[in-house]
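# Coordinates in review
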Amino acid sequence: MQIEITGHHVDITDALRDHIQTKFSKLKRHFEKVINVHVVLTVEKKVQKAEATLHMSGNDVHADAESEDMYASVDLMVDKLDRQIMKHKEKMTDHR
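What comes next concerns the included structure. Chains are numbered independently. Their residues run from 1 in the order of the written sequence. Local features are withheld for residues below a pLDDT of 70 in this predicted model, meaning they are given only at 70 or higher, and side-chain atom pairs are given and counted only at 80 or more; totals for whole chains, interfaces and linings count all residues. To obtain the side-chain values, all non-hydrogen atoms of the structure were used and water was disregarded.

## Section: the overall build of the chain
Stated formally: Helix and strand definitions here come from DSSP, where helices need a minimum of 4 consecutive H or I residues and strands a minimum of 2 consecutive E residues; each element is numbered from the N-terminal end. Here the radius of gyration uses the C-alpha set of atoms, whereas the globule reference equals 2.2 Å times the residue count to the power 0.38. For every residue, the accessible area (1.4 Å probe, protein chains only) is compared with the maximum for its type, and the residue is labelled buried under 20%, exposed over 50%, or partly exposed between those bounds. Two residues qualify as a contact provided that any one of their heavy atoms is within 4.5 Å of a heavy atom in the partner residue. Each accessible area is a Shrake-Rupley estimate made with a 1.4 Å probe; only the visible protein chains count as cover when residues are assessed. Note on charges: Lys and Arg go in the positive column, Asp and Glu in the negative column, and His and the chain ends are not counted at all. Positions of charges follow a simple convention, taking NZ of Lys, CZ of Arg, CG of Asp or CD of Glu.
When helices and strands are counted, the chain shows 2 helices and 4 strands. Order of helices (α) and strands (β) in the chain, N terminus to C terminus: β-α-β-β-β-α. For 96 residues, the compact-globule estimate of 2.2 N^0.38 gives 12 Å, and the chain sits close to it at 14 Å. For the chain, with 96 residues in total, the buried portion stands at 33%. Residue pairs in contact within the chain that sit at least 24 positions apart in sequence constitute 50% of those at least 6 positions apart. By element, 47% of the accessible surface of the chain is carried by carbon and sulfur atoms, the whole surface being about 6,100 Å². Averaging the locations of the 15 positively and 17 negatively charged side chains of the chain gives two centres separated by 6 Å.

Structure, rendered in structure tokens:
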């Protein structure tokens, strides 16, 4: 899985990059067919926003989250992506 991180008005530190990669490794455990991920981190006044588009076999998934802390935004975004991936996985395996 390739993770592409872009920052708008934000410097991407090594700690932030490591945090994002560890969180996305959790998603890889649940679903192996993730091709690549594009993460965009932005700051608008006091709002820290994290967006991600996940490309996987058969579907693309998008999620975003806002918070006052960038790490919290990333955590919320990964939780949303996790729920969407689990739903996609259930749809793929549900062959009545």
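## Thoughts on the sheet that holds strand E4 (residues 59-67)
Strand pairing in a sheet is mediated by backbone hydrogen bonds. Such pairs are either parallel or antiparallel. Stated formally: Strands are labelled as partners when DSSP assigns at least two bridges between them. Note on geometry: axes are C-alpha line fits, over the in-contact stretch for helices, and angles between N-to-C directions span 0 to 180 degrees.
Spatially, the 4 strands line up as an open sheet ordered E1-E2-E3-E4, and their pairing is mixed. What marks the edges here is a single partner per strand, and that holds for strand E1 (2-8) and E4. Each neighbouring strand pair of the sheet contributes to a mean axis angle of 15 degrees, computed without reference to strand direction. Pairing between strand E2 (residues 34-44) and strand E3 (residues 47-56): 10 bridges, direction antiparallel. Along E3, the bridge assignment pairs Val39 with Ala52. Strand contacts of helix H2 (residues 70-93): E2, E3 and E4, with the helix running at about 150 degrees to E4, the strand carrying the most contacts.

## A few points about the side chain of Gln48
Note on placement: Gln48 falls in strand E3. On the basis of relative accessibility, which here comes to 18%, the residue Gln48 falls in the buried class. Aside from chain neighbours lying at most four places away, what touches Gln48 is Thr42, Val43, Ala65, Glu66, Ser67, Glu68, Asp69, Met70 and Ser73.

## Structural notes on H2
So the rule is basically this: Between the first and last residue of a helix there are one fewer steps than residues, each counted as 1.5 Å, and that sum is the expected span.
With 24 residues, H2 extends 35 Å from end C-alpha to end C-alpha; this agrees with the ideal 34 Å at 1.5 Å per step. Residues Met70, Ser73, Val74, Met77, Val78, Leu81, Asp82, Ile85 and His88 constitute the buried set of H2. In this structure, the buried residues of H2 make contact with helix H1 (14-30), E2, E3 and E4.

## Observations regarding the pairing of E1
Put simply, the rule reads: We call a crossover right-handed when, viewed with both strands directed away from the observer, the connection leading from the first strand over the helix to the second proceeds clockwise.
Sheet topology note: the E1/E2 ladder contains 7 bridges and is parallel. Bridge assignment links Ile3 to a residue of E2, and that residue is Val37. At this point the chain moves from E1, through H1, to the parallel E2, and the crossover so formed is left-handed.

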